[in-house]
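Geometric and topological summary
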Amino acid sequence: MARTSKLKRTTKETDIRVELNLDGNGNASIDTGIGFFDHMLEGFAKHGFFDLDCKVTGDLQVDGHHTVEDTGIVLGNCIKQAVGDKKGIRRYGYFILPMDDALALCAVDLCGRPYLNFECEFPTERVGYLDTELVREFFYAISYSAGMNLHIKLLAGTNSHHMIEAMFKAFAKALDMAVSAEPRTTEVLSTKGSL
């Protein structure tokens, strides 16, 4: 059964269309209007082996906040939809990813309960046209719309570009693990019997 989703969300601030395939090959077509954000989402798709098509038109004349946050909301909802009933998946995923000076830890639990723990301070306010404070807003939106526990901690780093890229790639690898098949069960991995 294909684990795919396709969602569209339109508000007065953003118009977003996202298509996601959890069992893809890492193919991406991304256009958010923020070049560095596009680069991060392309890395997320590539390193998680997700096929991701994401087209965003946002009120960038205001700033990037609505574009980044709302993309997180839609992508999180796509993840939730594509995962489905969560039967037969590992549920948990984790990864520690090095990127030059940066070292990022990410852990995911697809438990249905949203929570974000984000531990990072960036040395710069922007990378390209992306405000670094929006990185936390993106992951917050994903965690709450997908219903996942998400812990991201930067263990080392001096370059904001490397730090953010390490986070996105670590998240991709952790999510890929969490949604992957657990061959020892066909049930939901919970003593409750549901997530």
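Figured I'd write up the structure that's included with this text.

1. A few points about the sheet that holds strand 7 (residues 115-119)
- One open sheet holds the 4 strands; their spatial order is 5-6-10-7, and the pairing between them is mixed. Only two strands of the sheet have a single neighbouring strand rather than two, namely strand 5 (92-99) and strand 7. For this sheet, the mean inter-axis angle between neighbouring strands, taken without regard to orientation, is 10 degrees.
- Strand direction decides the pairing type here: strand 7 and strand 10 (residues 149-156), joined by 5 bridges, are parallel. Along strand 10, the bridge assignment pairs F118 with I152.
- Here helix 3 (residues 133-146) sits on the sheet and contacts strand 7 and strand 10; the angle it forms with strand 7, its principal contact strand, is near 160 degrees.
- Packed onto the sheet, helix 4 (residues 160-179) meets strand 5, strand 6 (102-109), strand 7 and strand 10 and runs at close to 150 degrees relative to strand 5.

2. Here's the deal with the pattern of salt bridges
- One pass over the structure, following the stated rule, counts 12 salt bridges.
- The salt bridge involving R9 is made with D70; its shortest N-O contact spans 3.1 Å. One end of the pair, R9, is in strand 1 (residues 4-10); the other, D70, is in helix 2 (residues 65-83), and 61 residues separate them in sequence.
- R9 gets classed as partly exposed once you look at its relative accessible area, which sits at 28%.

3. Digging into helix 1 (residues 35-48)
- In this model helix 1 runs 20 Å from its N-terminal to its C-terminal C-alpha over 14 residues, within 8% of the 20 Å that 1.5 Å per residue would give.
- Turning to helix 1, its buried residues are F36, F37, D38, M40, L41, G43, F44, A45 and G48.

4. A word on the sheet that holds strand 4 (residues 51-58)
- Across the sheet, which stays open at both edges, the 4 strands sit in the order 1-2-4-3 with mixed pairing between neighbours. The sheet is open, and its two borders are formed by strand 1 and strand 3 (28-31), each paired with just one other strand. Shown here is a sheet whose adjacent strand axes are inclined to one another by a mean of 5 degrees, direction ignored.
- Bridge count between strand 1 and strand 2 (residues 14-21): 7 bridges; the pairing is antiparallel. Counterpart to R9 in the pairing with strand 2 is I16.

Cut-offs used in this document
- Residues numbered from 1 in each chain as written.
- Predicted model: local features only at pLDDT ≥ 70, side-chain atom pairs only at ≥ 80, totals over all residues.
- Heavy atoms only, no water.
- Pairing = 2+ DSSP bridges.
- Helix = DSSP H or I, 4+ residues; strand = E, 2+ residues; numbered from the N terminus.
- Axes fitted to C-alpha atoms, helices over the stretch in contact; angles between N-to-C directions.
- Contact = heavy atoms within 4.5 Å.
- Salt bridge = Lys/Arg side-chain N within 4 Å of Asp/Glu carboxyl O.
- Buried < 20%, exposed > 50% of the residue type's maximum accessible area, 1.4 Å probe, protein only.
- Expected span 1.5 Å × (residues − 1).

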